[in-house]
Structures are given as C-alpha cells and as structure tokens.
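The chain contents come next:
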Amino acid sequence: MKKHLTIMAWVALMPLAGTADAVSEPEPLARWEADRTVVLEAEGVSLSDFHWMARPVVVFADSPADPQYRTQMQLLTERIDELAERDVVVIVDTDPDTRSELRMKLRPRGFMLVLVGKDGEIKFRKPMPWNVREISRSIDKIPLRQQEVRDRR
C-alpha cells in the first residue's frame, strides 16, 4: 500500500516537472510590462507577443561590436523613458547564426533598425542609427498614436 501511494504521488507530480523553466523565465510581454525600459534579446521573441500592446523597435547587427549598433544602443538607452511613453519595446539581435524568428521575418543585412507598429506592420527600416527624437516623431505621425494621445486627454 505504501509503495502504491508513493507511485501515485510521483505520477501526480510528473506534470509539474517541466514547468520550472516556464516559471523562471517570464514571457517577453510580461518582462516588458514589468519594466518598460528593459531591452530584450530577440531569441524567443515574436512580433505577435506584442500585437496591439507595444511598438517593437528591433535593432539588428552582425556583432555587438558593430559601431553602428553601439551608437544606436547608446542613443536609445539615453532616452529610453521617452520611448516607453510611446509603448516602445526595444529588441536586439546581434547574432546572425541564431536565426531568430525576428531575423527570419525581417531579413536584415548587417545593421538595421526596424519600427513595427502595434498592428504588426513595419513602419520603417533604417540602415543607419536614428536618435530617439527621430523615432518619436515617426511614431507620433502614426494615426493610432494620435488616437492614443487624444484618448489620454
């Protein structure tokens, strides 16, 4: 009887065995909602994670040592709070060998900056770094952003 109860307890706990990893690493949207200034790595991130919730700004490079990448990240992180006000999530991919879902979908060649709208549509692609002011101006011209500003008043 004791052996039977031990086996039943073990079988009951089996479904929980694989959940430790899922619990330890929150989903990309949850990580961004917890800290809107977080910069996410592209591995394991999908544009659909942020559909209608955030505007992904994806920064691609072939290496984290790429001078354009370093410049872009400095520009973004200096004023990331202004991007957070516009519901922007910054996602980076500096390893072409990992072939992330974002890299496969957006197909960068070397350095590239991409703004994706909340609707999932690509708003622009840039082959050189842009500062937060330029990005913010582009976002502020999007009709959905203009509606958000009106709704907040």
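Look up: the structure comes first, before these words.
Below: a short report on this structure.

Calculation rules
One numbering rule holds for all chains: residues counted from 1, following each sequence as written. The predicted origin of the model limits local features to residues at a pLDDT of at least 70 and limits the giving and counting of side-chain atom pairs to 80 or more, whereas totals for whole chains, interfaces and linings rest on all residues. To get the side-chain values, all heavy atoms of the structure are used, and hydrogens and water are removed first. We treat two strands as partners when DSSP finds at least two bridges between them. The secondary structure listing takes helices from DSSP runs of H or I that are at least 4 residues long and strands from runs of E that are at least 2 residues long, numbered from the N terminus. Residues are treated as being in contact if the distance between any of their heavy atoms lies within 4.5 Å. Only protein chains enter the calculation, and the probe is 1.4 Å; a residue is then buried if its accessible area is under 20% of its type maximum, exposed if over 50%, and partly exposed in between. Here an angle of 0 to 180 degrees is reported between the N-to-C directions of two axes, which are lines fitted to C-alpha atoms, with helices fitted over the stretch in contact. The term salt bridge refers to a pairing of a side-chain nitrogen on Lys or Arg with a carboxyl oxygen on Asp or Glu at a separation within 4 Å. Residues belong to a common nonpolar core when they are buried Ala, Val, Leu, Ile, Met, Phe, Trp, Tyr or Cys residues joined through side-chain atoms within 4.5 Å. Multiplying 1.5 Å by the residue count of a helix minus one yields the expected span of that helix. Throughout, the arc means the angular range of directions from the helix axis out to the C-beta atoms. Two aromatic rings from Phe, Tyr or Trp, using only the six-membered ring of Trp, form a pair when their centres are within 6.5 Å; if the ring planes differ by under 30 degrees the pair is stacked, by over 60 it is edge-to-face, and anything between is tilted.

Let us now look at the pairing of strand S5 (residues 122-126). Pairing between strand S4 (residues 112-116) and S5: 4 bridges, direction antiparallel. Each residue of the ladder has a partner; that of Leu115, found in S5, is Phe124. Between S4 and S5, which pair antiparallel and follow one another directly, the connecting turn spans 5 residues, one of which, Gly120, has a positive phi of 90 degrees.

It is worth spelling out the side chain of Gln72 at this point. Looking at the secondary structure, you find Gln72 in helix H4 (residues 67-78). Not counting residues up to four positions away in its chain, the partners in contact with Gln72 are Val59, Phe111, Leu113, Met128, Pro129, Trp130 and Ile135.

Backbone geometry follows two general trends: most residues other than glycine have a negative phi, and most peptide bonds adopt the trans configuration. Phi at Asp87 is positive, roughly 60 degrees, even though this residue is not glycine. As for its position among the elements, Asp87 is in the loop between helix H5 (80-85) and strand S3 (88-93). Residue Asp87 is classed as buried on the basis of its relative accessible area, which comes to 9%. The backbone of Arg107 sits at a positive phi, close to 50 degrees, despite the residue not being glycine. When you line up the elements, Arg107 lands in the loop between helix H6 (101-106) and S4.

To continue, consider the sheet that holds strand S2 (residues 55-60). One open sheet holds the 5 strands; their spatial order is S1-S3-S2-S4-S5, and the pairing between them is mixed. In this open sheet, the two edge strands, each paired with only one partner strand, are strand S1 (39-41) and S5. Each strand of the sheet is rotated relative to its neighbour by a mean of 20 degrees, with strand direction disregarded.

Going through the model one piece at a time under the given rule, you end up with 11 salt bridges. Residues Arg86 and Asp140 are paired through a salt bridge, measuring 2.9 Å at the closest nitrogen-oxygen approach. Taken as a pair, Arg86 in the loop between H5 and S3 and Asp140 in helix H7 (residues 132-140) lie far apart in primary sequence, 54 residues in all. Overall, Arg86 belongs to the buried group, its relative accessible area being 13%. Accessibility expressed as a relative area gives 30% for Asp140, which makes it partly exposed. Across the pair Glu148 and Arg145 runs a salt bridge, and its minimum N-O distance is 3.8 Å.

Soluble globular proteins: nonpolar side chains tend toward being buried together. Ranked by size, the top nonpolar core spans 20 residues in total, and within it Val59, Leu76, Val90, Leu113 and Ile135 carry the most contacts. Breaking this core down by element, the ones donating at least two residues are S2, H4, H5, S3, S4 and H7. Beyond its immediate stretch of four places on either side in the chain, Val59 contacts Tyr69, Gln72, Met73, Leu76, Ile91, Val92, Asp93, Phe111, Met112 and Leu113. In terms of nonpolar packing, the next biggest core, distinct from the first, is built from 17 residues, Ala42, Leu102, Val114 and Val116 among them.

Relative to the 16 Å expected for 12 residues at 1.5 Å per residue, H4 spans 17 Å between its end C-alpha atoms, a close match to the ideal helical length. Of all the positions in H4, only Tyr69, Gln72, Met73 and Leu76 are classed as buried. Each buried residue of H4 sits inside an arc of 95 degrees when the element is viewed along its axis, so together they form one side. Facing away from the buried side of H4, by more than 90 degrees, are the exposed residues Pro67, Arg70 and Glu78.

The final tally for this structure, using the stated rule, is 2 aromatic pairs. Judged by centre distance (6.4 Å) and plane angle (90 degrees), the rings of Trp32 and Phe50 are edge-to-face. One end of the pair, Trp32, is in helix H3 (residues 28-34); the other, Phe50, is in the loop between S1 and S2, and 18 residues separate them in sequence. A single burial state applies to Trp32 and to Phe50, both of which are buried. Measuring from ring centre to ring centre gives 4.8 Å for Phe124 and Trp130, while their planes differ by 40 degrees; the resulting arrangement is tilted.

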